[in-house]
Amino acid sequence: MTSKPLHDLSIAEAGRMIRAGSLTSVALTEASLARIAALDDVLASFITVTGERAMADAAAADAAFAQGVDKGPLQGIPYGLKDIYMTAGIRSTCHSKLLVDNVPSEDCVVETKLKAAGGVLLGKLATHEFAFGGPSFDLPFPPARNPWNPDHITGGSSSGSGAAVAAGFCRMAMGSDTGGSIRGPAAYCGTVGLKPTYGLVSRRGIFPLSFTLDHAGPLTWSVEDCALTMQAIAGHDPEDPASADLPVPNFVADLGKGVEGMRIALPRCHYKDAVGLSPETAAAIEQAAATFEKLGATVEEIALPDYDLFNAAGRLILFSEAYAVHEKNLQTRPLDYGRLTHLRMVLGALISASDLTQAFRVRRKLSLLLNRDILGRYDAIITASALAPAPRFDEMPQGNPPNWPIQTIPYNLTGNPAMSIPTGFSKSGLPLSMQIVGRPFEDATVLRIGQAFEAATGLTALRPALDLAKAA
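Everything quoted here is computed from the prediction, not taken from an experiment.

**Student:** I'd love a proper account of the packing of aromatic side chains, names of residues and values included.
**Tutor:** As enumerated under the stated definition, the model contains seven aromatic pairs in all. Relative to F207, the ring of F130 lies with its centre 5.1 Å away and its plane at 45°, an arrangement referred to as tilted. Placement of F130 in the loop between β3 (120-125) and α5 (159-166) and of F207 in the loop between β5 (192-195) and β6 (215-220) is noted, with a sequence separation of 77 residues between them. For F207, a relative accessible area of 25% gives the class partly exposed. Judged by centre distance (5.9 Å) and plane angle (50°), the ring pair of F130 and Y337 falls under tilted. Residue F130 is found in the loop between β3 and α5, and its partner Y337 is found in the loop between α9 (307-332) and α10 (339-345); the two are separated by 207 residues along the sequence. By the burial criterion, F130 is buried, and Y337 matches it. Among the aromatic residues, those joined into a cluster by ring pairs are F130, F207 and Y337. Lying across the ring of F393, R145 places its NZ or CZ 4.4 Å from the centre. Across the ring face of F132, the terminal group of R344 is positioned such that the distance to the ring centre comes to 5.4 Å.

Below is the structure:
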């Protein structure tokens, strides 16, 4: 048994208790649903709570255990899905008026795998409209709020996923990441968030934003939980053209092996002079570098091409591909989009074939440089994830898309695995973070490095001080 409240249990901890007979999935799920009912009116992380489905999933998991059937670490564990993940018979809205009544007939591949793993679906989570708009108030559902302080945003676009995991509503939530939409909410909400290597997790059945930049991945409380989730959802999908036909690696095997002898690169040039960088963020990354050195790694400063070059190429591709997805609806139903989404989407119509071609050429050059010249010599890169703690809602520009102070799009452009992990807290009590970036398909190494830092600092064990009184 453990003295922890149920909402503080990790996937690994809850799984051990369920297997030991000191906890049932039904009891864990009931506690999750009760916490959502008590607190989510404040946080608005869920669009749809699937209470009946969750209890049925939990009962099935317990029955399977009773029969000696163990489907793996996620059996009996509550989770949530960003509402761009299609779910059979369950409303899947993309947080938009255009799909407010959309009920798919088939599950996305990730949901199929989570079902097969015996997971318990709690519901569908808030996003930014079509994973692109911003924290908007002109949509059918309110924006999610940050559990560390509801006056602050959660980041985007996996906003509900970040809030739900941080609040202890679910052990894991799936997000998507096209320019930083897993790592941004993880950074602002103080959780772990992994953007896997491009092609490692199928995107089939997830509403697309940018076909060549989209990634699907988990947000969790701990690195171990992230690794356990990846073990269930990774794998080749022959019907996803971007899916890599490679064996699924063992994401858990190297956890606990530490970083002694590893070489880690630190590109301060990408963030030290960035507009909006907080001194606390910079200091926390320096402290993280010192921690890695104490653990036996070598940390060396490196140079990379200007961040603006990565950003420009990524944005050109993102806006072009997003417009291609939405072109028909933008022409026939423009007023059904939220203002921020519409303003961003239509930029794609102004990008020429020449601009896009140059962006793809730059992308190739930057990917070669990063993987051959930098990660050919280093095991990983550590860098900024968010430049500052989460802003307040009332600091967001009114009527215009926000200029997000996150530094994540370079690794969407290159497809490398990148994970956001907490590095501490600001004086105001909001989470700080960094990214760990690895070689393609060496996600297990990224997780190993992150787990070593997590074990040395204990930062992912800290929880926001939510209580039932706040929901009164």
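**Student:** Lay out the nonpolar core in plain terms, naming residues and giving numbers.
**Tutor:** In terms of nonpolar packing, the biggest core is built from 86 residues, with Y85, L114, F292, M434, I436 and L447 touching the most fellow members. Considering every element that reaches this core, the biggest residue donor is α9, with eight residues. Those residues in contact with M434 that lie beyond four places of it in its chain are I285, A288, F292, I382, T383, S385, M419, S420, I421, T423 and F453. Membership of the second largest hydrophobic core comes to 25 residues, among which are L39, A166, A173 and W221.

**Student:** Break down the pattern of salt bridges for me, with residues and values.
**Tutor:** Tallied over the entire structure, the rule returns 22 salt bridges. Across the pair K124 and D83 runs a salt bridge, and its minimum N-O distance is 2.9 Å. Pair noted here: K124 is in strand β3 and D83 is in the loop between β2 (78-82) and α4 (109-116), with a separation of 41 residues, a long-range link. In this structure, the salt-bridge partner of K97 is D336, at a minimum N-O distance of 3.3 Å.

**Student:** Can you tell me about the side chain of T460, naming the residues and giving the values?
**Tutor:** Here T460 shows up in the segment after α13 (443-457). Within polar-contact distance, the side chain of T460 engages the side chain of E454 at 2.8 Å. Residue contacts for T460: discarding those within four places in its chain leaves V192, W221, S222, P422 and E454.

**Student:** Describe empty space enclosed by the protein, with residues and values.
**Tutor:** Considering all chains together, one arrives at four cavities of 30 Å³ or more under this definition. Size it by volume and the largest cavity reaches roughly 210 Å³. If you trace the largest cavity, you find 20 residues lining it, with G156, S181, R315, R344 and W404 closest to the centre. Mapped by element, the contributors of at least two residues to the lining of the largest cavity are α6 (183-189) and α9. The residue inventory of the lining of the largest cavity, partitioned by class, reads seven nonpolar, eleven polar and two charged. Considered as a void within the structure, the second largest cavity measures approximately 70 Å³ in volume. Forming the boundary of the second largest cavity are I84, A131, S176, T178, R203, I206, F207, P208, L209, D214 and H215. Grouping the amino acids of the lining of the second largest cavity by side-chain chemistry returns six nonpolar, three polar and two charged.

**Student:** Outline unusual backbone geometry, supporting the account with residue identities and numerical values.
**Tutor:** The amide bond that connects G156 to the next residue, S157, takes the cis arrangement and shows omega of 5°. Counting through the fold element by element, S157 comes out in the loop between β3 and α5. Even without being glycine, F130 reaches a positive phi, approximately 50°. With phi around 60°, A131 is a residue other than glycine that occupies positive phi space. Note that A131 resides in the loop between β3 and α5.

Calculation criteria
Residues numbered from 1 in each chain as written. Predicted model: local features only at pLDDT ≥ 70, side-chain atom pairs only at ≥ 80, totals over all residues. Heavy atoms only, no water. Phe/Tyr/Trp six-rings, centres within 6.5 Å; stacked < 30°, edge-to-face > 60°. Helix = DSSP H or I, 4+ residues; strand = E, 2+ residues; numbered from the N terminus. Buried < 20%, exposed > 50% of the residue type's maximum accessible area, 1.4 Å probe, protein only. Lys NZ or Arg CZ within 6 Å of the ring centre and 35° of its normal. Core = buried A, V, L, I, M, F, W, Y, C linked by side-chain atoms within 4.5 Å. Contact = heavy atoms within 4.5 Å. Salt bridge = Lys/Arg side-chain N within 4 Å of Asp/Glu carboxyl O. Polar contact = N/O pair within 3.5 Å; in protein donor to acceptor, adjacent residues only side chain to side chain. 1 Å grid on protein atoms, 1.4 Å probe; cavity = no way out; pocket = protein on both sides within 12 Å on 5 of 7 lines; lining within 4 Å. Points joined across faces, edges and corners; volume = space filled by probe spheres on them. Nonpolar A, V, L, I, M, F, W, Y, C, P; charged D, E, K, R; others polar.

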